[in-house]
Amino acid sequence: MKSTFLQGALALGALALIPATTAALADGEASSYKALDEFMDVFQKVRSDYVEKVDDEKLIKGAIDGMLASLDPHSSFLDARDFQNLRTQTEGSYGGLGLSVTQEDGAVKVIAPTQDTPAWRAGIKAGDYITHIDGQLIYGGTLDEAVDKMRGAPGTSLKLTIVRSGRDKPIDLTLTREIIQLKPVKWEVKNGIGVINIVSFSANTGADVRQAIRSIDKSLGHKPTGYVLDLRSNPGGLLDEAVSVSDAFLERGEIVSQRGRAKGDVERYYAKPGDDAKGLPVIVLVDAGSASASEIVAGALQDQHRALVMGERSFGKGSVQTMLPLSNTTALKLTTARYYTPSGRSVQEGGIQPDIRVPQLSDPDYKNRPKYRESDLRRHLINEIKTDDKSLEEDAKDDPRFAMSAEELKKKGVEDFQLDYALKTISRLASTPGATIAQAAARKPGAK
């Protein structure tokens, strides 16, 4: 019995009999059909001559995955399993460790741990490599297999072996799985300042941020001194939610534009009247793990001089992926556009440069741990507007203002130096007559 793929290929072959409308089109189609013929030859040879019996669906999915992987790191085919994982990421909960991971050259690499989860509390960092799960080497296996092993019933434990740059020996950790509730927004009040932490841009994130602002006001009985919007290690998510979050802090103006392949394929998103934060000072915290939707928010508030961006240069993912359904259970996630900040900047490769660079001094390994960004990924899209190489290296320079060690900070009770610096900055602005966040944000991006 012929597979659906074979039937589709035969149908495509039949189309070659229809006369082309132009010679150029005919030449292009002839070349494509020749390539399809070559693919079918390879497919049949593998089916008939490979040392072991192979599954047609596995071969076809491998071919599709290979085709999309040749485009960029973010385009992919989603089968039924991938769809379920996507729903879990945006809506649900699961028993696991709270890790976002990817695969690089056969190894499982940590993108970021989710705050207040077993992985986060165990000290797992972005850029760590997981080599063993319960003593079994996972190198060379699939990412799905590794994720399945890390997920499980709440209350059960497992052992992870971590390899970290700058450490001579692997790190063995024992973690206990928990129900990971994917709550995208958390808030607290510190020193009269509202701190809003967004861990991902999933459904209703914008509404949750507005609710967080109201809750902060209610807990204080009045408006706070200002807000810290913490987007560190936030890998992004839904474009609409990034627009909604930005709109919560803006009175007017453009938030982001996305531009497709065609010259006129441009879509712009604007803020609606009404700043939920009532013009109070805002500082946005970013780091190398802040990507995509996080960069849209940081870029919009920076370009509109509404907030100071503080921390370290962000990840640099400036592309938009569109979900194109293929069936009830499968879809194509395809890069269809690039996005640009209100000033026309593309963050692709270069990321968002902070107005004030603040290293995470409370992390004892921050100097030795390499920063993985979009530009490190294979086949990443090239920024059409080149960024000055010096500005890309700026976040690697030492700053004499930030000389304290993690141990010294710990003795002073500072466990999160970047957040502590942001809180003190807002307090200083509030105590300085005539000082405004807009004046500070108007400085050249990347200034110190």
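It should be noted that the structure appears before, not after, this text.
Residues numbered from 1 in each chain as written. Predicted model: local features only at pLDDT ≥ 70, side-chain atom pairs only at ≥ 80, totals over all residues. Heavy atoms only, no water.

*Asks:* I'd like a description of the overall build of the chain, backed by residues and values.
*Replies:* When helices and strands are tallied, the chain shows 13 helices and 19 strands. Of all 448 residues assigned to the chain, the portion counted as buried reaches 44%. Within the chain, contacts between residues separated by at least 24 positions form 70% of all contacts whose residues are at least 6 apart in sequence. For the chain, the accessible surface area stands at approximately 23500 Å², while carbon and sulfur atoms represent 53% of it. (Helix = DSSP H or I, 4+ residues; strand = E, 2+ residues; numbered from the N terminus. Buried < 20%, exposed > 50% of the residue type's maximum accessible area, 1.4 Å probe, protein only. Contact = heavy atoms within 4.5 Å. Areas by Shrake-Rupley, 256 points an atom, 1.4 Å probe, with all protein chains shown as cover.)

*Asks:* If you had to explain the pattern of salt bridges to someone new, which residues and values would you point to?
*Replies:* With the rule as written, the count across this model stands at 15 salt bridges. Its salt-bridge partner being Asp 416, residue Arg 232 comes within 2.8 Å of it at the nearest N-O pair. With a gap of 184 residues between them, Arg 232 in the loop between β12 (227–230) and α8 (239–247) and Asp 416 in the loop between α11 (406–411) and α12 (417–431) connect regions that are remote in the sequence. A relative accessible area of 13% places Arg 232 in the buried class. Glu 254 is the salt-bridge partner of Arg 268, the closest N and O atoms lying 3.2 Å from each other. Of this pair, Arg 268 sits in strand β14 (residues 266–270) while Glu 254 is found in strand β13 (residues 254–259), placing the two residues 14 residues apart along the sequence. Look at the salt bridges and you will find they share partners, linking Arg 210, Asp 247 and Asp 276 into a network. (Salt bridge = Lys/Arg side-chain N within 4 Å of Asp/Glu carboxyl O.)

*Asks:* Describe the packing of α8 against helix α9 (residues 293–303), listing the residues and the values that go with them.
*Replies:* Where α8 contacts α9, the axes come no closer than 9 Å and their chain directions differ by 30°. Regarding the angle of α8 to α9, the classification is roughly parallel. Note that α8 runs across α9; the crossing there is right-handed. Only Ala 293, Ile 296, Val 297, Ala 300 and Leu 301 of α9 make contact with α8, whose side of the interface consists of Leu 239, Ala 242, Val 245 and Ser 246. Among the residues forming the contact of α8 with α9, the class breakdown is eight nonpolar, one polar and no charged. (Axes fitted to C-alpha atoms, helices over the stretch in contact; angles between N-to-C directions. Parallel < 35°, antiparallel > 145°, perpendicular 65-115°, else oblique. Left-handed = near helix turned anticlockwise from the far one by under 90°. Nonpolar A, V, L, I, M, F, W, Y, C, P; charged D, E, K, R; others polar.)

*Asks:* How would you explain the side chain of Asp 355 if you had to name every residue and give the values?
*Replies:* Secondary-structure assignment places Asp 355 in the loop between β18 (331–340) and β19 (356–357). Taking relative accessible area as the criterion, Asp 355 reaches 0% and is therefore assigned buried.

*Asks:* Account for the nonpolar core, naming residues and giving values.
*Replies:* Counting residues in each nonpolar core, the largest one holds 40 residues, and the members touching the most others are Ile 196, Ile 198, Leu 229, Phe 249 and Val 284. Elements represented by at least two residues in this core include exactly β11 (193–198), α7 (205–220), β12, α8, β13, β15 (282–286), α9 and β18. By residue number, the principal contributor to this core is α9, which donates six residues. If you look at the next biggest cluster of nonpolar residues, it comprises 20 residues, including Ile 283, Met 310, Leu 409 and Leu 423. (Core = buried A, V, L, I, M, F, W, Y, C linked by side-chain atoms within 4.5 Å.)

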